[in-house]
Structure formats: structure tokens, C-alpha cells
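# Close look at the chain arrangement
The primary structure of each chain is shown beneath.
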Amino acid sequence: MFVHTQDTIAAISSAPGSSPHGIVRLSGPVAIEAAIAVFDPCVEHAEGFSRHRGCARWADDAPLLPAELYVFRAPRSYTRQDMAELHTIGAPVVLASLLERLLRGGARLAEPGEFTGRAFLAGAMDLTAVEGVGAMIHAGSDAQLRAAEQLLHGRLAHETEAVHTRLVDLLALVEASIDFVEEPVDFIATSQAADAITAALSVLKDLLERSTPMERLDTRLRVLLAGPPNAGKSTLFNRLTGLDRSICSHVPGTTRDVITAPVAIGTTEVWLMDSAGVGASATSIELAAEALTMDAISAADCILWVMEGTEAAPPPTRALARRLGMDPLLVVVNKVDALDAGQAARAIEAARTLGASVIAVSAATGAGCAELRAALAAKLHQAPSEATAPIISLNARHRSALAGAVRACERAVALVSRHDRIGDVVELVALELREASAQLGAIVGDVTTEEVLARIFSRFCVGK
Ligand SMILES: Nc1nc2c(ncn2[C@@H]2O[C@H](COP(=O)(O)OP(=O)(O)OP(=O)(O)O)[C@@H](O)[C@H]2O)c(=O)[nH]1
Ligand SMILES: [Mg+2]
């Protein structure tokens, strides 16, 4: 993986699709020269870090577009190589055409994650920081973003580094003793070695105990729209997602399956789910659809119970009320556009008997939807997964390495404590300390296999 690092790579580095701003990035020996070739005016002295205003020559017969050229000379760049970035209008056709010209000018298309790969291979960042960049690209919630930032800023590397250094120092003393096993001198007393390994062990165990699996942060909160048939759940789903995904009709029982789409609520992204109406199912298909809704109610992190304000909404059945007794729950009184002020007040009052916060909206006009989003954001911040932010988040690779180091240290302590003289077991102790130190080294990428790198970089997109 990334075996060639001495050629020049280029890629569109901004998000796919149209946007006001687009970035094309290059790294390698001809990065700056190739970028200057498609930039107007010609840049004479591009030293160190510099920023130039001008135009992008993206096509021969099209008008020049305003652009900026950023130059980062090696080694003061992300990849530690010469790098250039062209910032211009983010129209896909412009960026694609610019990239095409750069490829003709001596660059080759970068593979996914190749810029970060070069940064790692040049020693600019350790493997946990690389994972931090990858996690940041995919972060869908505050908690994920915080965990990614921690990794990127070296929190885990910092926590393990001190223990790693202590174990390597101890290993040096133990290995020195190997050459003198026949002599009555020990470079380190047995008790001293036992104390040092026990101290390392307690730091590593503490780290594992204070951690939360990073994978658990991957699940976005699920917010379910549920309620009686025809209450306007699907209309509200389409309104909140800005999509036209769910069929709406005046016929009760329109929605059958649970429909899911991502939606930004406050600073987090959640899965918003539409479901079949409950409480009036007659046919076998309607009953099956209602069963799906019940499953979704059990699995949801938050429920928006949608009721029609226009007529006396059927109260939820007792069994349903018990399930809805869970928090967080928001009651949404819909169709207020069809009500006068008195009717709306009465509908809201009636909804309060369900014992939760009530928001009045019109899914048809969008009235009240901003308040609904704000109330939902407030509710979600109280949800347990947000409240119990982990001290440190570890992915499966980190946990496995830490656990491997813990096991090796435990074996080393057991060996030392069973013998009065460390000289008697010095080779075995050295073996275990070497194993513990290799496991800790693997966390930051001192030694990595192709397979580990391939797995980490498979989550990257081109241009990062
Ligand atoms: N006046 C008014 N009508 C609405 C509003 N929201 C939905 N409706 C209408 O109510 C009817 C039912 O809307 P849907 O969104 O399909 O309701 P639903 O809750 O998904 O219904 P089921 O999937 O059948 O359970 C449709 O005719 C909508 O146009 C609203 O805010 N105001
Ligand atoms: Mg529906």
C-alpha cells in the first residue's frame, strides 16, 4: 500500500458535488510546478508557505475563474513534501477539468487516503492520528467528533507513550543482565522490576477501564415518528428531512415499512424514521406493519408521537402508553394550520395529558418545525449516549493491543514474583517485556503490517 511516494499525486480534496468552494490538492516533486502551470498570473517566487490570488486556467476557451494558489514547501507541509492547493469555485466540471490538466502536467491521481498515507510514512503523524483523520471524515455526531479529535491530537499516543518508554528502559536493564547470568550481580533487583511492571500494568488497565468502544459511537441516535394513522407522520418526515421519500395520502394506513433518513438536529446527525400508524389496524398487512412500528418504538432513542390536532385523536392504548412511558418523548400536535387559536389551545391541552412536552406544528406549511427541531436537540442532549461521554474512546485495534500488553505484563510479573533472583528467569522476562513493548508500539504504528494499514486507509476518501 502506498509503495510509491516519490511521484506527484493530485486529487479533488473538497466534498463531492456542487459547492461555492472547491479544492484541488497536489503533493510530490512537481506539485508546485504543475499547479503554477494552471494558475494565472505565473508565480515567480513561491517560497515556504505562500498564498497567491489569481485565476484558474481550467479550460482553453472558457473565462478564467477567480482562484487562490496555496504553496507549502517541504518539509513544512501536511505530507512533508512540496504541496500545492488550488482553491476555486466548487463546480464539479471546473474541478474535474483542472484535475485533468494537472494529470497531464505530470501528476497521477491519488488513491483514497494517499495524502494522509504520505504524512504517516514521512513520520508527520502516528497511526492513531491517521485514525483520527479517518474518524473525523465519518463523524456523524458530537460524540464521534470529540473522539476523533482526541485521536488526532494524540491523546491515546500520549497516554501510552510514558508506559512504553518505562517498559523499554526496564527491558534494557533486564537484557543487560542476560549477559551476566553467571555472575552474582543483577542490574536490577527483583522487587524493583516487579514494582515497575506492576505500575505499567495499572496504567494500562486503568486506560482500558476508562475507555468506551469507539464502534459504539458509530450508531447515530434513532428518532422515530409514530402515532395514529393519518396524523401526518410521513408529511412531517419529508418536511424534516427535506426529501420526498415517504408517500403521503389522505388514505389511512399509507405507510407500511419503517423508512429511515439522516437528518441534522442541532450539531448532531440522527436517523429520522417514519413508521406505520398504530391503533387502527384491521388487515393482516396493517397488523404486520404495526408490529414493525412496535419493534421500532422499542429500539428508538427518542419518539415523536404525532397526533392530529383537527379531531379528537384516539389516545394511545394502555400497552402502547406503557412503552411510550420511556423518555425522551415529544408529543407533536400536527395540522395546526387547519385550526383556529381556540381549537389549537384545546388540542395542546389535551395532548399534555400524555405527560410529555408538546409542540404544535403544521407539517404542511412548516410552521412550528424550527421549534420542534430545537426541542428535539434539547431532548437528545439529555439522552444517555450524549450524557455519558467517554473519557477516552478506543477502537478494536487499540483495545486488542492494550489487552495484549496487559497480558504480557501480567506474565512478566508472575515470573518475577515466583523467583528470588531475576537472574533465574531473565530471558523469559525479557521476552514478555519485548512483547508488551511491541504491542504498545503497534498502537502508534512503530511496526505495522500492510493488512493493518489497508484496513485503516480503506475508510478514507480520495483527496484526504
Ligand atoms: N392541513 C394539513 N394537512 C396535513 C398536514 N400534514 C399532513 N396532512 C394531510 O394529512 C393526510 C395524511 O398525511 P400523511 O403524512 O400521509 O399521514 P401519516 O401519519 O403518514 O399516515 P399513515 O402513513 O397512513 O399512518 C394527508 O392528506 C396530508 O396531506 C398538515 O400539517 N396540515
Ligand atoms: Mg405515513
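On a predicted model such as this, the values are computed, not experimentally measured, just so you know. All residue numbers refer to position in the chain's written sequence, counted from 1. Starting at A for chains and at 1 for ligands, labels are handed out in the order in which the entities are written. Only residues with pLDDT of 70 or above have their local features reported here, since the model is predicted, and side-chain atom pairs are shown and tallied only from 80 upward, although totals for entire chains, interfaces and linings are computed over all residues.

## Examining the overall build of the chain
Put simply, the test is: A run of H or I in DSSP counts as a helix once it spans at least four residues, and a run of E counts as a strand once it spans at least two, with each numbered from the N terminus. The quantity called the radius of gyration is restricted to C-alpha atoms. Its globule counterpart is 2.2 Å times the number of residues to the power 0.38. Burial is judged by counting other C-beta atoms within 10 Å of a residue's own C-beta: 20 or more means buried, 12 or fewer means exposed, and anything between counts as partly exposed, with every C-beta placed from the backbone.
Along the backbone of the chain there are 17 helices and 15 strands. Taken against the 2.2 N^0.38 rule, which gives 23 Å for 464 residues, the C-alpha radius of gyration of the chain at 30 Å runs more than 25% over that of a compact globule. With the C-alpha coordinates of the chain rotated into their principal frame, the extents come out at 95 × 75 × 35 Å. Every one of the 464 residues in the chain was classed for burial, and the buried ones make up 39%.

## What about the site of ligand 1?
The condition is simple: For each residue, a C-beta atom is placed from the backbone, and the residue is labelled near a molecule or strand when this atom is within 6 Å of it. Gly is put with the polar residues, along with every residue not named as nonpolar or charged; the nonpolar set is Ala, Val, Leu, Ile, Met, Phe, Trp, Tyr, Cys and Pro, and the charged set is Asp, Glu, Lys and Arg.
Lining the immediate environment of ligand 1, one finds 23 residues, of which Gly-232, Ser-234, Thr-255, Gly-277 and Ala-364 sit closest. Ranked by the residues each element gives to the shell around ligand 1, the list is headed by helix α9 (residues 233–241), at three residues. Residue composition of the shell around ligand 1, by class: eight nonpolar, 12 polar and three charged.

## Considering unusual backbone geometry
Geometrically, the link from Asp-40 to Pro-41 is a cis peptide bond, its omega value of 5 degrees lying close to zero. Of note, Pro-41 is situated in the loop between β3 (39–40) and β4 (49–56). The residue Lys-335 is not glycine, and still its phi comes out positive at about 70 degrees. Looking at the secondary structure, you find Lys-335 in the loop between β13 (329–334) and α12 (341–352). For Lys-335, a count of 24 C-beta atoms within 10 Å puts it in the buried group.

## A few points about the environment of Phe-460
Stated precisely, the cut-off is as follows: Placing C-beta atoms from the backbone, we regard two residues as in contact once those atoms come within 7 Å.
With respect to the helices, strands and loops of the structure, Phe-460 is situated in the segment after α17 (450–457). Residue Phe-460 is classed as buried on the basis of its C-beta count, with 20 C-beta atoms lying within 10 Å. Those residues in contact with Phe-460 that lie beyond four places of it in its chain are Pro-112, Gly-113, Thr-116, Gly-134 and Ile-137.

## A few points about the domain arrangement of the chain
Many authors give the size of an interface as the accessible area that is lost as the parts come together. How we decide: Each domain's limits were defined by an automated method or a database of domain assignments.
Here the chain is described as being made up of domain 1 (9–125), domain 2 (131–214 + 393–444) and domain 3 (222–382). The distance between the C-alpha centroids of domain 2 and domain 3 comes to 51 Å.

## Side note on the sheet that holds β3
To be explicit about the condition: Only when DSSP finds a minimum of two bridges between them are two strands counted as paired. Axis definition: a line fit to C-alpha positions, over the contact stretch in the case of helices; interaxial angles, taken between N-to-C directions, run 0 to 180 degrees.
Across the sheet, which stays open at both edges, the seven strands sit in the order β3-β4-β5-β6-β2-β1-β7 with mixed pairing between neighbours. Bordering the open sheet on either side are β3 and β7 (108–109), each of which pairs with just one other strand. Packing of helix α2 (residues 92–104) onto the sheet brings it into contact with β1 (9–12), β2 (19–27), β4, β5 (65–72), β6 (83–90) and β7, and relative to β2 it is tilted by some 15 degrees.

## Brief notes about the packing of helix α6 (residues 155–178) against helix α7 (residues 190–209)
So the rule is basically this: Each angle gets one of four labels, with under 35 degrees taken as roughly parallel, over 145 as roughly antiparallel, 65 to 115 as roughly perpendicular, and the rest as oblique. Handedness of a crossing is defined here by the sense of rotation of the near helix relative to the far one, left-handed for an anticlockwise turn of less than a right angle and right-handed for a clockwise turn.
Look at α6 against α7: their axes get within 10 Å of each other, and the N-to-C directions meet at 160 degrees. With respect to α7, the axis of α6 lies roughly antiparallel. For the element pair α6 and α7, the recorded crossing hand is left-handed. Along the contact surface, α6 presents Glu-159, Val-163, Arg-166, Leu-167, Leu-170 and Val-174, while α7 presents Ala-193, Ala-196, Ala-200, Val-203, Leu-204 and Leu-207. Its residues assigned to classes, the contact of α6 with α7 comprises 10 nonpolar, no polar and two charged.

## Observations regarding the packing of α7 against helix α15 (residues 396–417)
The axes of two packed helices give the description: the angle between them and the distance between them. Where α7 contacts α15, the two axes come as close as 9 Å, and the packing angle between them is 155 degrees. By the angle class used here, α7 and α15 are roughly antiparallel. Here α7 and α15 pass one another in a crossing that is left-handed. Contacts between α7 and α15 involve Thr-190, Ala-193, Ala-194, Ile-197, Thr-198, Ala-200, Leu-201, Leu-204, Lys-205, Leu-207 and Leu-208 on the former and, on the latter, Arg-399, Leu-402, Ala-403, Ala-405, Val-406, Cys-409, Glu-410, Ala-412, Val-413, Val-416 and Ser-417. By residue class, the composition of the contact of α7 with α15 is 16 nonpolar, three polar and three charged.

## Considerations on the pairing of β1
Regular strands place side chains that alternate from one sheet face to the opposite one. Here β1 shows a buried face lined by Ile-9 and Ala-11 and a second buried face lined by Ala-10 and Ile-12. Across four bridges, the pairing between β1 and β2 is antiparallel. Residue Ala-11 lies in a different strand from β2, and its bridge partner there is Arg-25. Between the end of β1 and the start of β2, which pair antiparallel, lie six residues, with Gly-17 showing a positive phi angle near 95 degrees.

## Observations concerning helix α16 (residues 426–444)
Filter applied, for reference: A helix is expected to reach a length of 1.5 Å times the quantity of its residues less one.
In a regular helix each residue adds 1.5 Å, so 19 residues correspond to 27 Å; α16 covers 28 Å between its end C-alpha atoms and thus fits that length. Along α16, the residues that are buried comprise Val-426, Val-429, Ala-430, Glu-432, Leu-433, Ala-436, Ser-437, Gln-439, Leu-440, Ala-442, Ile-443 and Val-444. In the core, the buried residues of α16 are packed alongside α4 (127–138), α6 and α15. Just downstream of α16, Gly-445 is the residue with a positive phi angle, here 95 degrees.

## Considerations on the nonpolar core
Inclusion rule: Each nonpolar core reported here comprises buried Ala, Val, Leu, Ile, Met, Phe, Trp, Tyr and Cys residues connected via C-beta atoms within 7 Å.
Ranked by internal contacts, the top residues of the largest apolar core, which has 79 residues, are Leu-26 and Ala-35. A domain split of this core shows at least three residues from each of domain 1 (9–125) and domain 2 (131–214 + 393–444). Ala-35 has contacts with Leu-26, Leu-69, Ala-84 and Leu-86, leaving out every residue within four places of it along the chain. The next biggest cluster of nonpolar side chains, apart from the first, holds 39 residues, and it includes Val-223, Cys-302, Val-336 and Val-361.

## Some details on the pairing of β6
Pairing geometry for β2 and β6, over seven bridges, is antiparallel. Bridging across to β6, Ile-23 finds its partner in His-87. By the bridge criterion, five bridges tie β5 to β6 in an arrangement that is antiparallel. Paired with Leu-69 across the strands is Leu-86, a residue of β6.

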